[in-house]
There are 2 protein chains.
Amino acid sequence: MEKIPILKMGPFLLVTIQVDLYDRLALSLEADLVQMVNKTGARGVLIDISAVAIVDSFMGRIIGNIASMSKILDAETVVVGMQPAVAITLIELGLPLKGVYTALNVERGMNLLNSMIQLDEDDEGEEEDDDRIHSE
Amino acid sequence: MEKIPILKMGPFLLVTIQVDLYDRLALSLEADLVQMVNKTGARGVLIDISAVAIVDSFMGRIIGNIASMSKILDAETVVVGMQPAVAITLIELGLPLKGVYTALNVERGMNLLNSMIQLDEDDEGEEEDDDRIHSE
């Protein structure tokens, strides 16, 4: 199984990382995710790393890349489910995951994304009408 | 990484299967899922197998087991994201996944679970008040 599945959940995409991200897999995840954001018009990306016991600088960079790419396509990235030990390691490695939002679990991550979208729409006030066209 | 993460999304649990389920992993997934259903009071379990290219009789049995166990704890199981080739193989193997609901993707699976819960509540008409107790 060579692909990490990307699940669409309403306006968000959810990725669960369960396997070690080696170079090629990481690159294909980046490419797939950006394409999915583009195709689905997703407003947020949730990356669940609750199964990840070790985060090294490579993985930190991949997450940072995904966040930057998504940001350009107008989607925010939230990393969820980080294990306490991973948080300790990241800071000790000097990798504070700049530019990436984090949340304790998927539900809180979704709430965070929802509130960000809401803020966005309040600013712009024009994107909410898409789903409101009914046949009668 | 030896554990398949189980994500709580509202009243449902979501499991994404990305790695080959060998014996021990499958058994620990079964145990973890049943415990999570018990702990969170989840009403539905979504199993995403979009990354699974090959389903054999062992995996079919595991999915059937999970569905039966969850059912006893009052949670329905929906398998989502099955690849067309997998559907062909399952039928050719004579494994029609009896007792398991399926849906094309996570969103449709959630809709299916929501409608099942709704039906349930209409029948019983007593479970909706849990969150309605406010401080004033």
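Summary of the structure given here. Numbering of residues starts from 1 in each chain and follows the order in which that chain's sequence is written. Chains and ligands are labelled by the order in which they are written, letters from A for the one and numbers from 1 for the other. Given that this is a predicted model, residues contribute local features only at a pLDDT of at least 70 and side-chain atom pairs are listed and counted only at 80 or more, while totals for whole chains, interfaces and linings are drawn from all residues. Each side-chain value is derived from all of the structure's non-hydrogen atoms; neither hydrogens nor water enter the calculation.

### Quick notes on the overall build of chain A
Going along the chain from the N terminus, every DSSP run of H or I of four or more residues is numbered as a helix, and every run of E of two or more is numbered as a strand. A count of helical and extended segments in chain A gives 4 helices and 5 strands. Overall, chain A shows an N-to-C arrangement of helices and strands of β-β-α-β-α-β-α-β-α. Looking at chain A as a whole, 43% of its 136 residues are labelled buried. Residue pairs in contact within chain A that sit at least 24 positions apart in sequence constitute 72% of those at least 6 positions apart. Accessible surface for chain A amounts to roughly 7,600 Å². Of this, 52% is attributable to carbon and sulfur atoms. Three exposure classes are used, based on accessible area relative to the maximum for each residue type with a 1.4 Å probe and protein chains only: buried under 20%, partly exposed in between, and exposed over 50%. For this analysis, residues touch if any pair of their heavy atoms sits within 4.5 Å. Accessible surface is estimated by sampling points in the Shrake-Rupley manner with a 1.4 Å probe; for residues, cover comes only from the protein chains shown.

### Focus on the side chain of Thr77 of chain B
Note on placement: Thr77 of chain B falls in strand β4 (residues 76-80). Here Thr77 of chain B is in contact with Val45, Ile47, Ile66, Ala67, Ser70, Val100 and Tyr101 of chain B, once residues within four sequence places are set aside.

### Comments concerning helix α2 (residues 57-72) of chain B
All names here are of chain B. What a helix should span is 1.5 Å times the count of its residues minus one. Look at α2: 23 Å from first C-alpha to last across 16 residues, which is about the 22 Å you get at 1.5 Å a residue. Buried residues along α2 sit against α1 (23-40), β3 (44-48) and β4. Positive phi appears at Asp74, one or two residues downstream of α2, with a value of about 70°.

### Observations concerning the interface of chain B and chain A
Of the residues lining the interface, 20 residues belong to chain B; the matching set on chain A comes to 20 residues. Carbon and sulfur atoms make up 64% of the area that chain B and chain A hide from each other, which totals about 1,900 Å². Under the rule applied, a polar contact is a pair of N or O atoms within 3.5 Å (in protein, one hydrogen donor and one hydrogen acceptor; residues adjacent in sequence only if both atoms are side-chain atoms). The interface formed by chain B and chain A includes 4 residue pairs in polar contact (both at pLDDT 80 or more). Residues are grouped as follows: nonpolar covers Ala, Val, Leu, Ile, Met, Phe, Trp, Tyr, Cys and Pro; charged covers Asp, Glu, Lys and Arg; every other residue, Gly included, is treated as polar. Here the residues of the side of chain B that touches chain A sort into 11 nonpolar, 4 polar and 5 charged. When two parts are brought into contact, each loses some accessible area as probed by a 1.4 Å sphere; the total of that loss over both is the buried area.

### Considerations on unusual backbone geometry
Residue and element names in this part refer to chain A. Located in the positive-phi region is Asp74, a residue other than glycine, with phi close to 70°. Assignment of secondary structure puts Asp74 in the loop between α2 (57-72) and β4 (76-80). By relative accessible area, which is 42% here, Asp74 ends up partly exposed.

### Let's talk about the sheet that holds strand β1 (residues 6-9) of chain B
Residues and elements named next belong to chain B. Pairing within the open sheet is mixed, and its 5 strands lie in the order β1-β2-β3-β4-β5. Since the sheet does not close on itself, it has two edges, and those belong to β1 and β5 (101-103), each with one partner. Each strand of the sheet is rotated relative to its neighbour by a mean of 25°, with strand direction disregarded. The pairing criterion is simple: DSSP has to find at least two bridges between the two strands. Where strand β2 (residues 12-16) and β3 come together, 5 bridges link them in parallel fashion. Its bridge partner lying in β3, Leu13 is registered against Val45. Lines are fitted to the C-alpha atoms to define the axes, a helix being fitted only along its stretch in contact, and any angle between axes, read from their N-to-C directions, falls within 0 to 180 degrees. In the packing of α1 onto the sheet, contacts are made with β1, β2 and β3, and the angle to β2 comes to roughly 160°. Each of β3 and β4 is contacted by α2, which is oriented at about 150° to β4, the strand it contacts most.

### Quick word on the packing of helix α1 (residues 23-40) of chain A against α2 of chain A
Residue and element names in this part refer to chain A. At a closest axis distance of 10 Å, the pairing of α1 and α2 adopts a crossing angle of 15°. As far as their axial angle goes, α2 and α1 are roughly parallel. Crossing geometry of α1 relative to α2 is assigned as right-handed. Facing Asp23, Ala26, Leu29, Glu30, Leu33 and Val34 of α1, the residues of α2 in contact are Phe58, Ile62, Asn65, Ile66 and Met69. Angle categories: roughly parallel below 35 degrees, roughly antiparallel above 145, roughly perpendicular from 65 to 115, and oblique for all the rest. Crossing chirality is assigned from the near helix's rotation relative to the far helix, an anticlockwise turn below a right angle marking it left-handed and a clockwise turn marking it right-handed.

### Looking at the pairing of β4 of chain A
All names here are of chain A. Counting buried positions over the 5 residues of β4 gives 5, a clear majority of the element. Neither face of β4 is open: one carries Glu76, Val78 and Val80, the other Thr77 and Val79, and all of them are buried. Examined bridge by bridge, strand β3 (residues 44-48) and β4 share 5 bridges and lie parallel to one another. Within β4, the residue paired with Asp48 across the bridge is Val80. Convention used here: a crossover is right-handed provided that the path from the first strand, over the helix, to the second strand proceeds clockwise when the strands point away from the viewer. In the classification by handedness, the crossover that spans β3, the intervening α2 and the parallel β4 is right-handed. Summarising the sheet, β4 and strand β5 (residues 101-103) pair through 3 bridges and their orientation is parallel. By the bridge assignment for β5, Val79 is matched with Thr102. After leaving β4, the chain enters helix α3 (residues 84-92) and then returns to the sheet as β5, a path that is right-handed.

### Comments concerning α1 of chain A
Residues and elements named next belong to chain A. Its 18 residues place the ends of α1 26 Å apart at the C-alpha level, agreeing with the 26 Å of an ideal helix rising 1.5 Å per residue. Restricting attention to buried positions, one finds in α1 the residues Leu25, Ala26, Leu29, Glu30, Asp32, Leu33, Met36 and Val37. Those residues of α1 hidden inside the fold are in contact with β1 (6-9), β2 (12-16), β3 and α2.

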